[in-house]
Amino acid sequence: VIEFEQQNVYSKLGLIADKVLGVLNIKVTDIQPVMEFGNYFNPEFLKGAFKYKEQIITVLDIKKIFSEDEISIINKTK
């Protein structure tokens, strides 16, 4: 569940995933800016990335995926 705030109106939105490969517990301090991993990743929608067992895992910033217009639509459906 994600909570959005727009003009002092709070909304919650649940998301459904097609597939979950696993769940990891990581520290916020393990997340590095995407720029440290090169130009391969577009940092616009990402909080950052971290290394895990020889892989680079990106951390999605879910609140940046939705536009203000989309959040307004979510708020109106209450």
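Everything below is about the structure printed above this text.
Analysis parameters
- Residues numbered from 1 in each chain as written.
- Predicted model: local features only at pLDDT ≥ 70, side-chain atom pairs only at ≥ 80, totals over all residues.
- Heavy atoms only, no water.
- Helix = DSSP H or I, 4+ residues; strand = E, 2+ residues; numbered from the N terminus.
- Buried < 20%, exposed > 50% of the residue type's maximum accessible area, 1.4 Å probe, protein only.
- Core = buried A, V, L, I, M, F, W, Y, C linked by side-chain atoms within 4.5 Å.
- Contact = heavy atoms within 4.5 Å.
- 1 Å grid on protein atoms, 1.4 Å probe; cavity = no way out; pocket = protein on both sides within 12 Å on 5 of 7 lines; lining within 4 Å.
- Points joined across faces, edges and corners; volume = space filled by probe spheres on them.
- Nonpolar A, V, L, I, M, F, W, Y, C, P; charged D, E, K, R; others polar.
- Patch = residues over 30% accessible without salt bridge, like charges linked within 9 Å, V, L, I, M, F, W, Y side chains within 5 Å.
- Areas by Shrake-Rupley, 256 points an atom, 1.4 Å probe, with all protein chains shown as cover.
- Salt bridge = Lys/Arg side-chain N within 4 Å of Asp/Glu carboxyl O.

Asks: Got a minute to help me understand the overall build of the chain in this structure?
Replies: Helices and strands together make up the secondary structure of the chain, namely one helix and four strands. Along the chain direction, N to C, the helices and strands of the chain fall in the order β-β-β-β-α. In the chain, which comprises 78 residues, the share counted as buried stands at 21%.

Asks: Explain the nonpolar core to me, please; I cannot follow it from the model alone.
Replies: Buried together is how nonpolar side chains tend to be arranged in soluble globular proteins. Counting five residues, the largest nonpolar core is built from Ile 2, Phe 4, Leu 13, Ile 71 and Ile 74. Mapped by element, the contributors of at least two residues to this core are β1 (2-6) and α1 (68-76). When residues no more than four places from it in sequence are discounted, the contact partners of Ile 71 are Phe 4, Gln 6 and Phe 66.

Asks: How do you make sense of the layout of surface pockets when you look at a structure like this?
Replies: Empty space among the atoms can be located by rolling a probe the size of a water molecule over them. Quantified by volume, the largest pocket comes out at close to 480 Å³. Of all the elements, strand β4 (residues 55-60) adds the most residues to the lining of the largest pocket, at four residues. Split into classes, the residues belonging to the lining of the largest pocket amount to 10 nonpolar, two polar and one charged.

Asks: How should I be thinking about the side chain of Asp 61 in this particular structure?
Replies: Within the secondary structure, Asp 61 is located in the loop between β4 and α1. You can call Asp 61 buried: its relative accessible area is 13%. Beyond its immediate stretch of four places on either side in the chain, Asp 61 contacts Phe 45, Leu 46 and Lys 47.

Asks: Would you mind showing me how to read a nonpolar patch on the surface here?
Replies: A contiguous nonpolar surface patch, about 230 Å² in accessible area, is contributed by Leu 24, Ile 26 and Tyr 52. Ile 26 gets classed as partly exposed once you look at its relative accessible area, which sits at 34%.

Asks: Please explain the environment of Ile 74 as it appears in this structure.
Replies: For Ile 74, the position within the fold is in helix α1. For Ile 74, a relative accessible area of 16% gives the class buried. In sequence terms Ile 74 and Tyr 10 are 64 residues apart; their C-alpha atoms lie 9.9 Å from each other. Not counting residues up to four positions away in its chain, the partners in contact with Ile 74 are Ser 11 and Leu 13.

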